[in-house]
Amino acid sequence: MKLSKRVLNMSPSPTMAITAKAKEMRAKGIDVIGFGAGEPDFDTPCHVKEAAKRAIDEGFTKYTPPAGIPELRKAVADKLKKENNIDYDPSEVVITDGAKQALFALMLSVIEEGDEVIIPAPYWVTYPEQVKFAGGKPVFVETKEENNFSLTLEDIEPAVTDKTKLLILCTPNNPTGSVVDRDELEKIGNFCAERGIIIASDECYEKLTYDGFKHVSIASLSEKIKSVTVTINALSKAFSMTGWRVGYAAGPKDIINSMIKINSQSISNVNSIAQKAAVAALTSSQEFLKDWLKAFDERRRFMVEKLNEIPGVKCLLPKGAFYAFPNVKELIERAGFKDDFQLADYLLEKAKIAVVPGTAFGMPGYLRLSYATSMDNIKEGLERFEKAVKELLND
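Everything in this summary refers to the structure shown in the same document. (Residues numbered from 1 in each chain as written. Predicted model: local features only at pLDDT ≥ 70, side-chain atom pairs only at ≥ 80, totals over all residues. Heavy atoms only, no water.)

## Describing the sheet that holds strand S5 (residues 164-170)
Part 1: Spatial ordering of the open sheet is given by S2-S8-S7-S6-S5-S3-S4, a layout of 7 strands whose pairing is mixed. On the outer flanks of this sheet lie strand S2 (93-96) and strand S4 (137-142), each paired with one strand and no other. With direction set aside, neighbouring strand axes in the sheet form an average angle of 20°.
Part 2: By the bridge criterion, 5 bridges tie S5 to strand S6 (residues 198-202) in an arrangement that is parallel. Residue pairing for S6: leucine 166 is matched across the bridge by isoleucine 198.
Part 3: The sheet strands contacting helix H4 (residues 70-84) are S2, strand S7 (229-234) and strand S8 (247-250), and the helix crosses S2 at an angle near 115°. (Pairing = 2+ DSSP bridges. Helix = DSSP H or I, 4+ residues; strand = E, 2+ residues; numbered from the N terminus. Axes fitted to C-alpha atoms, helices over the stretch in contact; angles between N-to-C directions. Contact = heavy atoms within 4.5 Å.)

Following this line, the structure appears as structure tokens:
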């Protein structure tokens, strides 16, 4: 049986694979601490779960419109107006099966065979695979560690050609936790708008920022920039609803209508019960986030401090998301490892900690560690990391 080239050219998600391997080891009774998962360890807020229970009790268990239920599309539009200063009509909003499916539907809607898509590196592992699946060509531009991995217009300009169709913007960033400030966003937005380059603005980590930094949505900067931007988000991170699979996109009506069409012929609609829960999440108090952010901030500082105490490891303090992205090039060289995959394998087998190699994110010589886990796990895991490294280097 011959499989399609689309599937054969697609790589499985490394982050999912590492998380699955860690779970498999735990199932065998092996004490593995996982730093791979990109999901908060907090429970979904009670009022959101209660809304889902009410939806079941009230029989809200049938098909919904492919675009999403009207009250959720309105809740998203209201949220974007109030929190992000972007004025979208509910008809310019589509509800999707998480942000990943929103991105997928966008790629299929706008990418033609041979179109080029600029992807800043390090990047979320899914971006290039979706671009290739849609027939596009990923064009990678490396951000600089000395600039805290923050994307600049100078990074983008040399990569633009007459085939450039789209730029993927992710701030706060997965995997680095880097952010792009307002001034740089304005430069990037104006540059893209003048050339008709679509901006896919992945804002899943918008609420997870530290040190007083406030997220700015690029579409809020001008009507001109908004006209080429598709704003993508999900309830996964800010509401700890990764398994509920509710995301959304807002943007130019012709693109949104195309994404709705794709929904109608693929997923039909997002889970009806989860949509009701999402309405409750977006329209109710988010006071719980203060405690979550306080915990994330404490873990962030502790993790980075301890990583910087490990021989051969250097780590910047991230300004957003819940990942640390340490530079381990010196450690790899001193240990005589071939690459970061070999180091990650060593840490899993020797220290029983699961981390994701930077190569998976287009940046060899680094690791991604999630601090979306308990402080006890972080302390124990980093102690194991340091002990395994010192034994390896005979320090």
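## Overview of the state of the cysteines
Part 1: Enumeration according to the criterion identifies 0 disulfides in this entry.
Part 2: With no disulfide of its own, cysteine 204 lies closest to cysteine 170 among cysteine sulfurs, the gap being 7.3 Å.
Part 3: Accessibility expressed as a relative area gives 10% for cysteine 204, which makes it buried. (Disulfide = S-S within 2.5 Å. Buried < 20%, exposed > 50% of the residue type's maximum accessible area, 1.4 Å probe, protein only.)

## A word on the pattern of salt bridges
Part 1: Going through the model one piece at a time under the given rule, you end up with 27 salt bridges.
Part 2: Close ionic contact of arginine 384 with glutamate 380 constitutes a salt bridge, the shortest N to O distance being 2.9 Å. One end of the pair, arginine 384, and the other, glutamate 380, are both in helix H15 (residues 375-393), 4 residues apart, so they sit about a helical turn from each other.
Part 3: Overall, glutamate 380 belongs to the partly exposed group, its relative accessible area being 34%.
Part 4: Linked by salt bridges that have partners in common, Lys79, Glu83, Glu206 and Lys207 make up one network. (Salt bridge = Lys/Arg side-chain N within 4 Å of Asp/Glu carboxyl O.)

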